[in-house]
Protein chains: 2
Amino acid sequence: MTVARSERLLILLQVLRRYRQPVSGAILAAETGVSLRTLYRDIASLQAQGALIEGEAGLGYILKPGFMLPPMMFSQDEIEALVLGSRWVAKMADPRLAAGAVDALEKIAAILPPELKAEIDSSTLLVAAPRNRDDNTDLAMIRKAIRAEHMLDLTYEDEKGSPTQRRVWPFALGFFDSVRVMIAWCELRQGFRHFRTDRIVSAVATGKRYARRRPVLLSEWREAEGIPAPS
Amino acid sequence: MTVARSERLLILLQVLRRYRQPVSGAILAAETGVSLRTLYRDIASLQAQGALIEGEAGLGYILKPGFMLPPMMFSQDEIEALVLGSRWVAKMADPRLAAGAVDALEKIAAILPPELKAEIDSSTLLVAAPRNRDDNTDLAMIRKAIRAEHMLDLTYEDEKGSPTQRRVWPFALGFFDSVRVMIAWCELRQGFRHFRTDRIVSAVATGKRYARRRPVLLSEWREAEGIPAPS
DNA sequence: TCGCTGCTGACAGAATTTGACAGTATGGTG
DNA sequence: CACCATACTGTCAAATTCTGTCAGCAGCGA
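Being a predicted model, the structure only gives us computed values, none of them experimental.

Chemist: For this particular structure, what's the right way to read the protein's contact with DNA strand C?
Modeler: Around DNA strand C sit 23 residues in total, of which Gly25 and Gly55 of chain A together with Ser35, Thr38 and Ala57 of chain B are the nearest. Of all the elements in the fold, those that place two or more residues in the surface near DNA strand C are α2 (25-32), α3 (36-48), β1 (53-56) and β2 (60-63) of chain A together with α3 (36-48) of chain B. Per-element accounting of the surface near DNA strand C gives the leading share, 4 residues, to α3 of chain A. Residue composition of the surface near DNA strand C, by class: 8 nonpolar, 9 polar and 6 charged.

Here it is as C-alpha cells:
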C-alpha cells in the first residue's frame, strides 16, 4: 500500500489546504503516513516547486492564501481557449481577477513550446472590449460581500440619473460587453434587481449577513429570469 | 548529471513534439540519454498519464495532435479567472474553441478541492452574452485560413444588406459581446476591413497564400486603428 | 530556563529505477 | 517467402533514489 512520492506530495497539499491554521509537521507526517524526516523533505520539494508554504518554529506549517492547486495538463485546443478567455478576463474583470488572468497567461506562456508560443503571441484571437472608463466601482469589495453573504447599503442612480438609497443582498456578478452588473435582492423593491456597476455611487459593506443562502437566491433569480443553469 | 525521472518525461514530450514524423525508440532513447528498455517504460508512463502517443512496429512513435502540454499549477485567483474566461469562450467562440473551453473547465473541476468546487459551481461570476443566433459562419475554417495565411473568397453583405464579392487576406478574429468579427486586408478596397461573421454569406478557402506575413498585417492594422499591442 | 517545533546532515537499509539480455509480435520490403 | 526495423514484454542484477533513525542546531513563546 505504498504511495508513490509524487502522489504523496499532492495528498500533502490537500491536507495542508484542509487545515486553515498552522499544523505541526508531526501531524502532517502522520496524515501522509510518512516519517517526520521525510515530511520535511516533502515540504521542501513542494516549496521548490513554488508552493507558498510557510513554516514557523513553535507553530507549524500553513499554506498561504494564493496557494497551489494540483498540476493540470491541457491540450492545445484547451490552451487556446484558456488564453482567449484569460485575455477577456484581463480586460473586463476587476483588478484582482484581472491580475489572476494575467498571472495565468504568464504561466501558460512560460511552458509553451516555441512554435505554439509564437502562434499565441501573434494574437489571431483578439478580445475587443471597450471598457467603460467611468466605472470605478470596487468589484473586489462586492465579490467579498457576495462570498460572505453580506448585505450592502447602496446609493444608486437610476436611468434618469436620480439617486436612490437601498439595502440589497448581492449574490452574483454579471459581465457584459461594456457593462458589469451586480445582481441582488433589493429590500426596497422586494424583488431581484440588476445594478450596473457604473451607476453605483457608493456601496457600503454592512458586515451583516442576509437571511437567505446565496445558491437559493441564485436559483430563484434564474427561475424568475428564465435563465437555465450553466453546464 | 542524471536527470530525475519526472523531468525526463517532460523532455521526452518536448522531443516528441519536435518531430512531426514518426521517430524510432532508439533515437528517442539517445536524445533523452537513457536505454531503449527504459524509454519503453517512459513511453508507457506518459501514455498512462493520458498522452496520445502512437507506436507502430516498423515505423516509430508519433505524438498525435491534440497532444499534451506540461503540467501547470495555478493559484485560486488564477483558477477563478480561468473559469470565468472559459465560460465566456464556451458561449462566444466557435464550436472547436468552445469545446476546448468546456474540456478545460471539466479538467479544472475534476481537480478542485470540494469547497472551491462548490464556490465555483455556485456561479457568482456569470457571463451573460446573448449570442447572435443567425451567425452560423464556420469560424474553424476561418481560423485555419488565418493560420496558414491563406486568402479567402468572400461573399459579404454590407449594412444595407447588399451582397458584395471580394478576396481578402484574413489575419485575426475579434470577439465582441454579441458579434464576432474577422479582420482582414481587403483586395477590393485596398485597405483593412472588419467583417462581421453574421454578415458573411459564404467564405471559400482558396488554398493560396497571401503575399504578406500575418504578424506584419496585424501590427499595421494596430497602427492604423491606434490599438496598442497586448501585454 | 524549558518545551515545542522547524530544519539539516549522516548513514544504513528498503524500495525503486535502470540497463542488459532474451524473446515475441507486427508491418513493410525485396 | 525471407529479412529487416521496430514495438513491446519478462527477468534479474546493478545502480540509484528514497526513507527512517539518530543527532544536533536554531527560533519562538511561556
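Chemist: Where do I start with the nonpolar core in this structure?
Modeler: Nonpolar side chains tend to gather and get buried jointly when the protein is soluble and globular. Grouped together as the largest cluster of nonpolar side chains are 50 residues, with contacts concentrated most on Leu82 and Val89 of chain A together with Leu82 and Val89 of chain B. Elements that contribute at least two residues to this core include exactly α1 (5-18), β2, α4 (76-92) and α5 (95-111) of chain A together with α1 (5-18), β2 (60-63), α4 (76-92) and α5 (95-111) of chain B. Those residues in contact with Val89 of chain A that sit more than four places away from it in its chain are Leu97, Ala98 and Ala101 of chain A together with Ala81, Leu84 and Gly85 of chain B.

Chemist: Looking at this model, I keep getting lost on the protein's contact with DNA strand D. Mind explaining?
Modeler: Taken together, 22 residues lie around DNA strand D, and Ser35, Arg37 and Thr38 of chain A together with Gly25 and Gly55 of chain B are the ones closest in. Contributions of two or more residues to the surface near DNA strand D are made by α3 of chain A together with α2 (25-32), α3, β1 (53-56) and β2 of chain B. Broken down by element, the surface near DNA strand D gets its largest block of residues, 4 residues, from α3 of chain B. Residue composition of the surface near DNA strand D, grouped by class: 8 nonpolar, 9 polar and 5 charged.

Chemist: Just checking my understanding: could you explain the environment of Gln21 of chain B for this structure?
Modeler: Among the secondary structure elements, Gln21 of chain B is positioned in the loop between α1 and α2. Linking Gln21 of chain B and Ile62 of chain B, residues 41 residues apart in sequence, is a C-alpha distance of 6.4 Å.

Chemist: Help me understand the packing of α1 of chain A against α2 of chain A in this model?
Modeler: Each pair of packed helices can be described by the angle between their axes along with the distance between the axes. Residues and elements named next belong to chain A. Where α1 contacts α2, the two axes come as close as 10 Å, and the packing angle between them is 130°. Of the possible angle classes, the one that applies to α1 and α2 is oblique. Regarding α1 and α2, the two cross each other, and that crossing is right-handed. From α1, Arg8, Ile11, Leu12 and Val15 reach across to α2, where they touch Leu28, Glu31 and Thr32. Of the residues assigned to the contact of α1 with α2, the class counts are 4 nonpolar, 1 polar and 2 charged.

Chemist: I tried to follow the confidence of the model for chain A on my own but got confused; where do I start?
Modeler: One rule of thumb: low pLDDT means the predicted coordinates there are not for detailed reading. Predicted confidence across chain A gives a mean pLDDT of 79, with 84% of residues reaching 70 or more. Among the prediction metrics, the complex's ipTM stands at 0.67, with pTM recorded as 0.68.

Conventions used here
- Residues numbered from 1 in each chain as written.
- Chains lettered and ligands numbered in written order.
- Predicted model: local features only at pLDDT ≥ 70, side-chain atom pairs only at ≥ 80, totals over all residues.
- Near = placed C-beta within 6 Å.
- Helix = DSSP H or I, 4+ residues; strand = E, 2+ residues; numbered from the N terminus.
- Nonpolar A, V, L, I, M, F, W, Y, C, P; charged D, E, K, R; others polar.
- Core = buried A, V, L, I, M, F, W, Y, C linked by C-beta atoms within 7 Å.
- Buried ≥ 20, exposed ≤ 12 C-beta atoms within 10 Å, placed from the backbone.
- Contact = placed C-beta atoms within 7 Å.
- Axes fitted to C-alpha atoms, helices over the stretch in contact; angles between N-to-C directions.
- Parallel < 35°, antiparallel > 145°, perpendicular 65-115°, else oblique.
- Left-handed = near helix turned anticlockwise from the far one by under 90°.
- pLDDT = per-residue confidence, 0-100.

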